[in-house]
Amino acid sequence: TAAPVQGLAYSSESGQAVIARRPERPRWSPAFTLLEVMIAVAFIGIAMLALLSLHQNNLASVIRGQDLTRASMLAQQLMSTAEVERFPDPGRTHGDFNRDYPGQFNNFRWEREVDVIPQFPDMRRVLVSILYGHGLSRRFDLVEYMHNPNPPPLPNQPDTDNPATAGADGSQ
């Protein structure tokens, strides 16, 4: 018997050599097509774009929160100044923070409005407003009502601190 030749098969019935064919490969292969890869990359790109947008919104929220915190602290500082005055005079004042904090709060301005309350002459309404943000488009308001530590005397009542009106007999 001859040695078998590669690619040939022998039939046992006739003893003749028959050429054997290799099995056909299936039409599809286990690899990805270019179209599938492009679709996957597009989905990943859309997901990354959504994450990037979410990240930017998060950063903008953090910045707004920081600005609001700064505005509230600056308003409290201005209100503390009004409290030290005890009973501020009526009127409107405004300014910025460059004198007290040079270069730190460039996008912040303040306004203070002190109003007399007609029903209560010994009370004042103090409104402190902080304008901040791009183009000073945001506003933080703080309101406090202050009572005169030395209220005026009641009508038809003598002022006991004033010797001229203490009493007719001069006693206090």
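Just so you know, these numbers come straight off a predicted model, no measurement behind them.

A.B. asks: So, the sheet that holds strand S4 (residues 108-117): which residues are in play, and what are the values?
C.D. replies: Overall, antiparallel pairing links the four strands, which are arranged S3-S4-S5-S6 in an open sheet. The open sheet has two edge strands, strand S3 (91-96) and strand S6 (138-147), and neither has a second partner. The average undirected angle you get between the axes of adjacent strands in this sheet is 15°. By the bridge criterion, 10 bridges tie S4 to strand S5 (residues 120-132) in an arrangement that is antiparallel. Its bridge partner being in S5, glutamate 111 is matched across the sheet by serine 129. Packing against the sheet, helix H1 (residues 34-84) makes contact with S4, S5 and S6, and its axis sits at approximately 25° to S6.

A.B. asks: Describe the pairing of S5, with residues and values.
C.D. replies: For a regular strand, side-chain orientation follows a simple rule: the groups alternate between the two sheet faces. Counting buried positions over the 13 residues of S5 gives 10, a clear majority of the element. Counting the residues in the hairpin turn of S4 and S5 gives two residues. Sheet topology note: the S5/S6 ladder contains 10 bridges and is antiparallel. Paired with leucine 127 across the two strands is valine 143, which belongs to S6. Hairpin connection between S5 and S6: a loop of five residues separates the two successive antiparallel strands, and glycine 133 in this loop has a positive phi of roughly 90°.

A.B. asks: Account for the packing of aromatic side chains, with residues named and values stated.
C.D. replies: Tallying each qualifying case throughout the model produces four aromatic pairs. Ring geometry for phenylalanine 105 versus phenylalanine 108: centroids 5.7 Å apart, planes at 90°, classification edge-to-face. A single burial state applies to phenylalanine 105 and to phenylalanine 108, both of which are buried. One aromatic cluster in this structure is built from Phe97, Tyr101, Phe105, Phe108 and Tyr132.

A.B. asks: For the confidence of the model for the protein, give the residues involved together with the corresponding values.
C.D. replies: Per-residue confidence for the protein gives a mean pLDDT of 81; residues scoring 70 or more make up 73%. The model gives residues 163-172 a pLDDT under 50, and that stretch makes seven contacts with residues more than four places away or in other chains.

A.B. asks: Outline the layout of surface pockets, supporting the account with residue identities and numerical values.
C.D. replies: One simple way to see leftover space: roll a probe sized like a water molecule over the atoms. Estimates place the volume of the largest pocket at around 200 Å³. Considering the residues around the largest pocket, the lining is formed by Gln77, Leu78, Thr81, Glu85, Thr93, Asp96, Phe97, Arg99, Asp100, Trp110 and Arg112. Breaking the lining of the largest pocket down by element, the ones donating at least two residues are H1, S3 and S4. Residue contributions to the lining of the largest pocket peak at three residues, all from H1. Grouping the amino acids of the lining of the largest pocket by side-chain chemistry returns three nonpolar, three polar and five charged.

A.B. asks: So, the pattern of salt bridges: which residues are in play, and what are the values?
C.D. replies: Following the criterion strictly, the structure yields seven salt bridges and no others. Here aspartate 67 and arginine 70 are joined by a salt bridge, their closest N and O atoms 3.4 Å apart. Of this pair, aspartate 67 and arginine 70 both sit in helix H1, three residues apart, which is roughly one turn of the helix. By relative accessible area, which is 19% here, aspartate 67 ends up buried. Residue arginine 139 pairs with glutamate 111 through a salt bridge whose shortest N-O separation is 3.8 Å. A residue pair is termed long-range when its members are at least 10 positions apart, and arginine 139 in strand S6 and glutamate 111 in strand S4 qualify at 28 residues. Assessed through its relative accessible area of 46%, arginine 139 is described here as partly exposed. The partly exposed category is assigned to glutamate 111, whose relative accessible area is 24%. In this structure, a network of salt bridges that share partners links the residues Glu111, Arg139 and Asp141.

Cut-offs applied
Residues numbered from 1 in each chain as written. Predicted model: local features only at pLDDT ≥ 70, side-chain atom pairs only at ≥ 80, totals over all residues. Heavy atoms only, no water. Pairing = 2+ DSSP bridges. Helix = DSSP H or I, 4+ residues; strand = E, 2+ residues; numbered from the N terminus. Axes fitted to C-alpha atoms, helices over the stretch in contact; angles between N-to-C directions. Contact = heavy atoms within 4.5 Å. Buried < 20%, exposed > 50% of the residue type's maximum accessible area, 1.4 Å probe, protein only. Phe/Tyr/Trp six-rings, centres within 6.5 Å; stacked < 30°, edge-to-face > 60°. pLDDT = per-residue confidence, 0-100. 1 Å grid on protein atoms, 1.4 Å probe; cavity = no way out; pocket = protein on both sides within 12 Å on 5 of 7 lines; lining within 4 Å. Points joined across faces, edges and corners; volume = space filled by probe spheres on them. Nonpolar A, V, L, I, M, F, W, Y, C, P; charged D, E, K, R; others polar. Salt bridge = Lys/Arg side-chain N within 4 Å of Asp/Glu carboxyl O.

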